[in-house]
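# Structural features, examined
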Amino acid sequence: MPKNKNIKSVLIIGSGPIIIGQACEFDYSGTQSLRSLREDGIETILINSNPATIMTDPSMADHVYLLPLTTKSIIKVLKDHPQIDAVLPTMGGQTALNLAIEADEKGIWKDFNVKLIGVDIDAINITEDREQFRELMLKIGVPMAPQATATSYLKGKEIAQEFGFPLVIRASYTLGGAGASIVYKEEDFDELLTRGLEISPIHEVMIDKAMMGWKEYELELLRDKNDNVVIICTIENMDPMGIHTGDSITIAPAMTLSDKTFQRMRDMAIHMMRSIGDFEGGCNVQFAVSPDKKEEIIAIEINPRVSRSSALASKATGYPIAKVATKLAIGYSLDELTNQITGSTSALFEPTIDYVVVKIPRWNFDKFEGSDRTLGLQMKAVGEVMAIGRSFQEALHKATQSLEIKRNGLGADGKGYKNYDQIIDKLTNASWDRVFVIYDAIQMGIPLSRIHEITKIDMWFLKQYEELFHLEREISKFTIDTIERDLLLEAKQKGYGDRQIAHMLKCLESQVYKKREEFNVKRVYKLVDTCAAEFKAETPYYYSTFENEVQDKNGHIKPANESEVSDKKKIVVLGSGPNRIGQGIEFDYCCVHGVLAASECGYETIMINCNPETVSTDFDIADKLYFEPVFWEHIYDIIQHEKPEGVIVQLGGQTALKLAEKLDRYGIKILGTTYQSLDLAEDRGSFSKLLKENDIPYPEFDVATSADEALAVADKLNFPILVRPSYVLGGQGMKIVINKKDLEEHVVDLLRGMPDNKLLLDHYLDGAIEAEADAICDGENVYIIGIMEHIEPCGIHSGDSNATLPPFNLGEFVMQQIKDHTKKIALALNTVGLINIQFAIKDDKVYIIEANPRASRTVPFIAKAYGEPYVNYATKVMLGEKKVTDFEFNPKLDGFAIKQPVFSFNKFPNVNKQLGPEMKSTGESILFIDSLKDDEFYNLYSRRKMYLSK
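Residues numbered from 1 in each chain as written. Predicted model: local features only at pLDDT ≥ 70, side-chain atom pairs only at ≥ 80, totals over all residues. Heavy atoms only, no water.

## Observations regarding the pattern of salt bridges
Threshold: Any Lys or Arg side-chain nitrogen located within 4 Å of an Asp or Glu carboxyl oxygen qualifies as a salt bridge. Helix and strand definitions follow DSSP, with helices as H or I runs of at least four residues and strands as E runs of at least two, each counted in order from the N terminus.
Scanning all chains against the criterion turns up 52 salt bridges. Glutamate 404 is the partner of arginine 580 in a salt bridge, and the nearest nitrogen-oxygen pair spans 3.1 Å. Of the two residues, arginine 580 is situated in the loop between strand S21 (570-574) and helix H20 (585-600) and glutamate 404 in the loop between helix H12 (392-402) and helix H13 (420-428); the sequence distance between them amounts to 176 residues. Among the ionic contacts, a cluster of salt bridges with common partners joins Arg35, Glu39, Asp40, Lys323, Lys327, Asp618 and Asp620.

Right, here's the structure in full:
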């Protein structure tokens, strides 16, 4: 039992829908926390409105409430469960903390005799109220940038007059840097001050003297009731002050910090954590350090909760911060807990790592036309990737290969910038692709001193880039036949992909792979062990690297590989890579359930993924975790090493699906639906042919591969026309055009970005109703798990539509057509596993828009609404362990469930917010209503007329 015997039942507050600034890292911490409490026999009650997450899975907590995160919902939960002793609000990001404060102010915790654990209200208030925080720091002797608080426009003007420019404005009680900005010129100040005051829920801003160019660091801390404090991880931002940490490239451990300064920073962080309040749990502290010899330190902020960085720090060190923070909140002390990775050391042991971790954010500016793409104090990234390597260079390359933006790494892929002015502009106005542009600048001959002067990125990092460039130049002098082993090994040790080396040697990727085999330059796998191999690690959590050969005790000469292959039958699940619009956390939910289902069938499970925010990359979900890019070369090497029975691709969204063709070509078995069927569904032309053969209606269409062909097609189809590229996700590049000029512009634009793509032109069914169905098929039997009707008309992307389960006004005749078409298509595509089909309904006739024989965005939503583990069932079907007819389906839903999209437009004030065929939402929530007379449904339905009217 826990050390605090009075805690028997705990309420956890989740973080709600995913928005920019608060993504699925809180799903990960919340999931860890729930599992941690249950280990101690504590009853868990969860409130969260996000249906796409693992956290809200019925198996995760004893009671899950999928309700809006409001004090009204909190009261309902507390009335239903008078036994709740405590509330833990630190696992749900800023949303949960803000709700806990509001409930405290309304006296709700007091009324129900519920104790706040893991943090105290004073600590939250001190850290959020920038004036109070500043006064406390001055009192305890921690330096801060000159700053002052303004609660009015006039006061703000006075402060600006006193400090001079540049200035930083930060809004109090906001998330992901909302309302924050750097003001360089006096003429911009009024507008940005007003915006900050408006966005802050208490209409307060802090105005700081800008510390531009100072280096930025973060420390992750844990403290127990005995005041023991451990520092889990030190993270250095490659980007200097002025760019939000969520938008910065970050590195662990810190690379350019002297030991003396680190010790000072460490002491300051511990002092700060102890001074803000008397609580047990996690904390994140941010500092700035002057880039000169003095290395002055100033405190920026402290967050008394697990943060975005604590997910990264957990994955980087293998130390489960959220799990341990939860144990501390219920009264354990650090020395009573074991480190779960080593299984033998205490949690009071600070991790030391003998590798380098690099995180790079993932942006989606293409979805926000007209948005300001420069990076600043307001976070704009929608996801992130993390990579582990033996050196900074290797980890940096692996991270760039993980981003899935059609780059093979830094340089050596022919995709760099060649224009001097463009390069200088991208360095000056921090651009999302600056990580690549630095390489291009060095390649162009721009001196490092100039790059440093513009970007203020530490010279150490720039020299690492320069070394890579020199290596590329050296390799380019050789051919595949003349290159020496040592040079090839060095390129691989520094993270260059086979594709990049092929580019340098002017040969094929397969030739480089063959050469590596010949030279015995092979990947080896190393354990993430939290203690630099001082103690043996128990947990199979691996990253790849390249090493020189060593002689073992038996005299065998080979590189030291720490990943031992068992003789069990195994399966590999390909993860979904970084979060982005169109492919979010719902695919991580599917991957986790796929792993658990395969495990139930007796398989050893292997997970490959590079997203540090997710539950799938937790060290104890799969039997083996490879924290590697979902990039062909890395995957192929793991498969060669492990020799699995097959690979599951249909749970990891488009990321995994895109690799199906190569897996098939290399003779690797795809479990479930075959590559041929996946390809048939993706190829718009072939799929329409299949519909024709099966006598299933679809909108009139034709295929084009050039602007000329598209214009000829338009003469046959009549406008409006929906233009859709093949093999894309989240409606990328889809557009409804109404005349030939629009059509030509859009087709030219699309083919510039996606050469050789096959475009499908459909006659757009104006005013049609849209519906979709998800089903499980075993090749012979089909079971439809859910049919949803969209409230918005056809033409709004399904991810941006409010979807109602079951449908609210489709007659029996239409429903029968949907069921018949779904079964026919699932069987015609030889589906084994999941399939999602989208329909347009006009004049009581059901047309097919598209079919995806894979897990879809809506599967978790249906599973939560009906309380059925559909992904578990579908995985067992894919593995051939079960037929659809072996399951007893028993969906339970009173009334209706509505999937409501959530947008992050507030990060892009000048953007076109109109919805269309390209997806723009970043997350979703679920709403349960008893009947269609519900006010919320009425409001949603009355707004549908706004969209796409002529």
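## Examining the sheet that holds strand S28 (residues 759-763)
What counts, and what does not: Two strands form a pair only when DSSP identifies at least two bridges running between them. Between N-to-C directions, angles span 0 to 180 degrees; the directions come from axes that are lines fitted to C-alpha atoms, helices contributing only their stretch in contact. Any pair of residues with heavy atoms lying within 4.5 Å of one another is described as a contacting pair.
The strand order across the open sheet formed by 4 strands is S25-S28-S26-S27, and the pairing between neighbours is antiparallel. With partners counted over all chains shown, the strands left at the sheet margins are strand S25 (701-704) and strand S27 (735-737), one partner each. Adjacent strand axes in the sheet meet at a mean angle of 25°, parallel and antiparallel pairs treated alike. With respect to the sheet, helix H26 (residues 707-717) is in contact with S25, strand S26 (721-725) and S28, its orientation differing from that of S25 by roughly 170°.

## Some remarks on the state of the cysteines
Using the following cut-off: Criterion for a disulfide: a pair of cysteine sulfur atoms at a distance within 2.5 Å. With a 1.4 Å probe rolled over the protein chains alone, any residue whose accessible area is under 20% of its type maximum counts as buried; one over 50% counts as exposed, and the rest are partly exposed.
All told, the structure shown has 0 disulfides when counted by the stated rule. Here cysteine 591 is not cross-linked by a disulfide; its sulfur's nearest cysteine counterpart is in cysteine 590, at 7.0 Å. Accessibility expressed as a relative area gives 1% for cysteine 591, which makes it buried.

## Some details on the nonpolar core
The criterion, for reference: Among buried residues, those of type Ala, Val, Leu, Ile, Met, Phe, Trp, Tyr and Cys that are joined through side-chain atoms within 4.5 Å constitute a nonpolar core.
The biggest cluster of nonpolar side chains holds 174 residues, and the ones touching the most others in it are Val358, Leu574 and Val649. Apart from the residues within four sequence positions on either side, valine 649 is in contact with Leu574, Ala656, Leu657, Ala660, Leu663, Ile670 and Leu678. If you look at the next biggest cluster of nonpolar residues, it comprises 56 residues, including Leu69, Ala96, Val142 and Leu221.

## Concerning the pairing of S26
With 5 of its 5 residues buried, S26 lies for the most part within the structure. Here S26 shows two buried faces, one formed by Ile721, Val723 and Pro725 and the other by Leu722 and Arg724. Note that S26 and S27 share 3 bridges and pair antiparallel. Note on S27: the bridge partner recorded for leucine 722 is isoleucine 736. Note that S26 and S28 share 5 bridges and pair antiparallel. Looking at the pairing, proline 725 lines up with leucine 759 of S28.

## Regarding the environment of threonine 885
Looking at where threonine 885 falls in the secondary structure, it is placed in the loop between helix H30 (870-878) and strand S34 (896-902). The residues touching threonine 885, leaving out its near neighbours within four places in the chain, are Asp778 and Asn781.

## A closer look at the sheet that holds strand S1 (residues 9-13)
Across a sheet, strands are paired by hydrogen bonds formed along the backbone, either parallel or antiparallel in direction. The 5 strands lie next to each other as S3-S2-S1-S4-S5, forming an open sheet whose pairing is parallel. The sheet is open, and its two edges are formed by strand S3 (63-65) and strand S5 (115-116), each paired on a single side. Relative to strand S4 (residues 86-88), S1 runs parallel, the two being bridged by 3 bridges. Note on S4: the bridge partner recorded for isoleucine 12 is leucine 88.

## A few points about the packing of aromatic side chains
Operational definition: Any two of the Phe, Tyr and Trp rings considered here, Trp counted by its six-membered ring, make a pair once their centres fall within 6.5 Å; the pair's planes then place it as stacked at under 30 degrees, edge-to-face at over 60, or tilted in between.
Evaluation of the coordinates by the stated rule reveals 26 aromatic pairs. Summarising the aromatic geometry, the rings of phenylalanine 165 and phenylalanine 189 are spaced 5.9 Å apart at their centres and angled 75° between planes, so their arrangement reads as edge-to-face. Here phenylalanine 165, found in the loop between helix H7 (153-163) and strand S7 (167-171), pairs with phenylalanine 189, found in helix H8 (residues 186-199); they are 24 residues apart in sequence, far enough to count as distant. Accessibility expressed as a relative area gives 26% for phenylalanine 165, which makes it partly exposed. The class of phenylalanine 189 is buried, set by a relative accessible area of 2%. A centroid spacing of 5.2 Å and a plane angle of 20° characterise the contact between tryptophan 632 and tyrosine 636, whose relative ring orientation is stacked. Placement of the pair is tryptophan 632 and tyrosine 636 together in helix H21 (residues 632-642), with a separation of 4 residues, close to one helical turn.

## Topic: the side chain of asparagine 284
Quick note on the threshold: Polar contacts here mean pairs of N or O atoms no more than 3.5 Å apart (in protein, one a potential hydrogen donor and the other a potential acceptor; neighbouring residues in sequence count only if both atoms are side-chain atoms).
Residue position: asparagine 284 is located in strand S13 (residues 281-289). Looking at asparagine 284, the relative accessible area reads 1%, which means it is buried. A distance of 2.8 Å separates the side chain of asparagine 284 from the side chain of glutamate 220, its partner in a polar contact. Residues within four places of asparagine 284 in sequence aside, it is in contact with Glu218, Leu219, Glu220, Glu301, Ile302, Asn303, Arg305, Ser307 and Ser309.

## Focus on H21
Burial runs high along H21: 9 of the 11 residues are buried. Inspection of H21 places Trp632, Glu633, His634, Ile635, Tyr636, Asp637, Ile638, Ile639 and Glu642 among the buried residues, and these make up the whole buried set. Within two residues after H21, lysine 643 carries a phi angle of roughly 50°, on the positive side.

## Focus: the environment of valine 358
If you trace the backbone, valine 358 turns up in strand S15 (residues 356-362). Owing to a relative accessible area of 0%, valine 358 belongs among the buried residues under this scheme. What valine 358 contacts, discounting residues up to four positions off in sequence, is Ile249, Thr250, Ile251, Val385, Met386, Ala387, Phe392, Ala395, Leu396 and Ala399.

## Here we look at unusual backbone geometry
Note: most residues except glycine have negative phi, and most peptide bonds are trans. Cis geometry is adopted by the peptide bond preceding proline 166, which originates at phenylalanine 165 and carries an omega value of -5°. Mapping proline 166 onto the fold places it in the loop between H7 and S7. Positive phi outside glycine occurs at lysine 406, with the angle close to 65°. Residue position: lysine 406 is located in the loop between H12 and H13. Residue class for lysine 406 comes out exposed when judged on its relative accessible area of 59%. Within the chain, lysine 643 stands out as a residue other than glycine whose phi angle is a positive 50°. Mapped onto the secondary structure, lysine 643 falls in the loop between H21 and strand S24 (646-648). Among the residues examined, lysine 643 registers a relative accessible area of 63% and is labelled exposed.

## Brief notes about the side chain of serine 290
Along the chain, serine 290 falls in the loop between S13 and strand S14 (297-303). Looking at serine 290, its side chain comes within polar contact range of the side chain of aspartate 292, at 2.6 Å. Not counting residues up to four positions away in its chain, the partners in contact with serine 290 are Trp214, Glu295 and Glu296.

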